[in-house]
Amino acid sequence: MIKMFSTIAVTGLMALAMTGVSQAQERTFRKMTSGQPAALQGAMTQSQARKACRMEMGRSRESKSAINKKMRTCMDLKMNGN
């Protein structure tokens, strides 16, 4: 009888401890993900990147599809801070 009560008590304490840990992890995660995202150094907005890439491309004499591919690549790099 005593063994059964101690087993139930230990099981209850383990369950209580596990919920406490998960709640603490959830609070920590919420603190980490709340607020403003970290700004990337040198990153541009889409319009800024488009203008800068257009200036870089200048008057290139390539096909429209080639220029579009290069523009997309250039804008991705500039928007990611590279």
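The text that follows walks through the structure, step by step, so that each part is easy to find. In this text the structure is predicted, and so the values were computed from the model without any measurement.

One pass over the structure, following the stated rule, counts one disulfide. Here C53 is linked by a disulfide to C74, with a sulfur-sulfur distance of 2.1 Å. Taking the sign of the S-S torsion, -90° for the link of C53 and C74, the bridge is left-handed. Here the residue C53 occupies a position in helix 2 (residues 46-57), and C74 occupies one in helix 3 (residues 64-79), the gap between them amounting to 21 residues. Residue class for C74 comes out buried when judged on its relative accessible area of 11%.

Looking at where I67 falls in the secondary structure, it is placed in helix 3. A sequence separation of 13 residues divides I67 from R54, and the C-alpha atoms of the two residues are 9.7 Å apart. If we ignore the near neighbours within four places in the chain, the residues touching I67 are S60 and E62.

Among the nonpolar cores identified, the biggest contains five residues, and these are A49, C53, M71, C74 and M75. At the level of secondary structure, the elements contributing two or more residues to this core comprise helix 2 and helix 3. Of all the elements, helix 3 adds the most residues to this core, at three residues. Aside from chain neighbours lying at most four places away, what touches A49 is M44, M75, K78 and M79.

The rules behind these values
- Residues numbered from 1 in each chain as written.
- Predicted model: local features only at pLDDT ≥ 70, side-chain atom pairs only at ≥ 80, totals over all residues.
- Heavy atoms only, no water.
- Disulfide = S-S within 2.5 Å.
- Helix = DSSP H or I, 4+ residues; strand = E, 2+ residues; numbered from the N terminus.
- Buried < 20%, exposed > 50% of the residue type's maximum accessible area, 1.4 Å probe, protein only.
- Contact = heavy atoms within 4.5 Å.
- Core = buried A, V, L, I, M, F, W, Y, C linked by side-chain atoms within 4.5 Å.

By themselves these figures say nothing about function.
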